[in-house]
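# Examining the three-dimensional arrangement
Take a look at the letters that make up each chain.
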Amino acid sequence: MRRRLTLAQQAFGLRGRFSDAHVQFSPPGLVCVLDLKPTPLSKSYTVRIEYNGYSRPVVKVQSPSLECIPGRELPHTFEDDELCLHLHEEWGPEDLITTTIIPWASEWLLHYELWLASGGTWSGGGHEPETEAA
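Predicted model only: the values in this text are computed from it and were never measured.

The next point concerns the sheet that holds strand β4 (residues 58-63). Within the open sheet, the four strands sit side by side as β1-β2-β3-β4. Their pairing is antiparallel. Both outer strands of the open sheet, β1 (22-26) and β4, are each paired with one neighbouring strand and no more. Strand-to-strand twist across the sheet, computed as the mean angle between neighbouring axes with direction ignored, equals 20°. One ladder, built from five bridges, connects β1 with strand β2 (residues 29-36); its direction is antiparallel. The residue of β2 that forms the bridge with Gln24 is Val31. Where helix α1 (residues 7-17) meets the sheet, its contacts fall on β1, β2 and β3 (45-51), and the angle it forms with β1 comes to roughly 165°. Packed onto the sheet, helix α2 (residues 101-118) meets β2, β3 and β4 and runs at close to 140° relative to β3.

Right under this line is the structure:
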């Protein structure tokens, strides 16, 4: 069984792999802000990752604001436009954010750009996150 990585190990990995990322410890865990550009033709997106050491990291695009197609909801997101990057069992606290969450976020951004360009066809696979009953 693999061991849960500490916040310090996650921070070390982030700083080592993404030297331009802003990584800080902030209660209740770790916050990383970095720029992602899925392809050379893509926009650059500032992404914020919050991680408490146990639950899945919360990933949001800070800028530019994510656009919606008129009459459509932003696909593969949770409340507050948090990105839905993986199924529950595909990530755990023993996984490095640098080799999982960040590449998945970049891939999500690529499929988001294709979704906008296609007028609403999501090519990224997966399934929509379940919403809590009201």
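Further notes follow.
This part covers the packing of aromatic side chains. If you walk through the whole model with that rule in mind, you get five aromatic pairs. When the centroid spacing of 6.4 Å and the interplanar angle of 80° are considered together, the rings of Tyr45 and Tyr112 count as edge-to-face. Here Tyr112 lies in helix α2 and Tyr45 lies in strand β3, a separation of 67 residues in the sequence. Per residue, the accessibility class of Tyr45 equals that of Tyr112, and both read buried. With a centroid separation of 5.5 Å and 10° between ring planes, the pair formed by Trp108 and Tyr112 is classed as stacked. Here the residue Trp108 and the residue Tyr112 both occupy positions in helix α2, the gap between them amounting to four residues, near one helical turn. Accessibility assignment for this pair places Trp108 and Tyr112 in one class, buried. Ring-pair connections join several aromatic residues into one group, and the members of that group are Tyr45, Trp108, Tyr112, Trp115 and Trp122. The ring centre of Phe78 lies 4.3 Å from the NZ or CZ of Arg56, which sits over that ring.

Thresholds applied
- The numbers attached to residues start from 1 for each chain and follow its sequence in the written order.
- Where local features are concerned, this predicted model is filtered to residues with pLDDT of at least 70; where side-chain atom pairs are given and counted, the filter is 80 or more; whole-chain, interface and lining totals use all residues.
- The side-chain values count all of the structure's non-hydrogen atoms but skip hydrogen atoms and water molecules.
- Note: two strands are recorded as paired if DSSP finds a minimum of 2 bridges between them.
- Here a strand is any run of E in DSSP of at least two residues, a helix any run of H or I of at least four, and the numbering for each starts at the N terminus.
- Every angle, taken between N-to-C directions, lies between 0 and 180 degrees, and every axis is a line fitted to C-alpha atoms, over only the stretch in contact when it is a helix.
- It only takes one pair of heavy atoms within 4.5 Å for two residues to be counted as in contact.
- Ring geometry is summarised as follows: Phe, Tyr and Trp rings, the Trp one being its six-membered ring, pair when their centres sit within 6.5 Å, and such pairs are stacked at plane angles under 30 degrees, edge-to-face over 60 and tilted between the two.
- Under the scheme applied here, a residue whose accessible area is under 20% of the maximum for its type counts as buried, over 50% as exposed, and between as partly exposed, the area being computed with a 1.4 Å probe on protein chains only.
- Working rule: Lys NZ or Arg CZ, within 6 Å of ring centre, within 35 degrees of ring normal, means a charge sits over the ring.

Read these as geometric descriptors, not functional statements.
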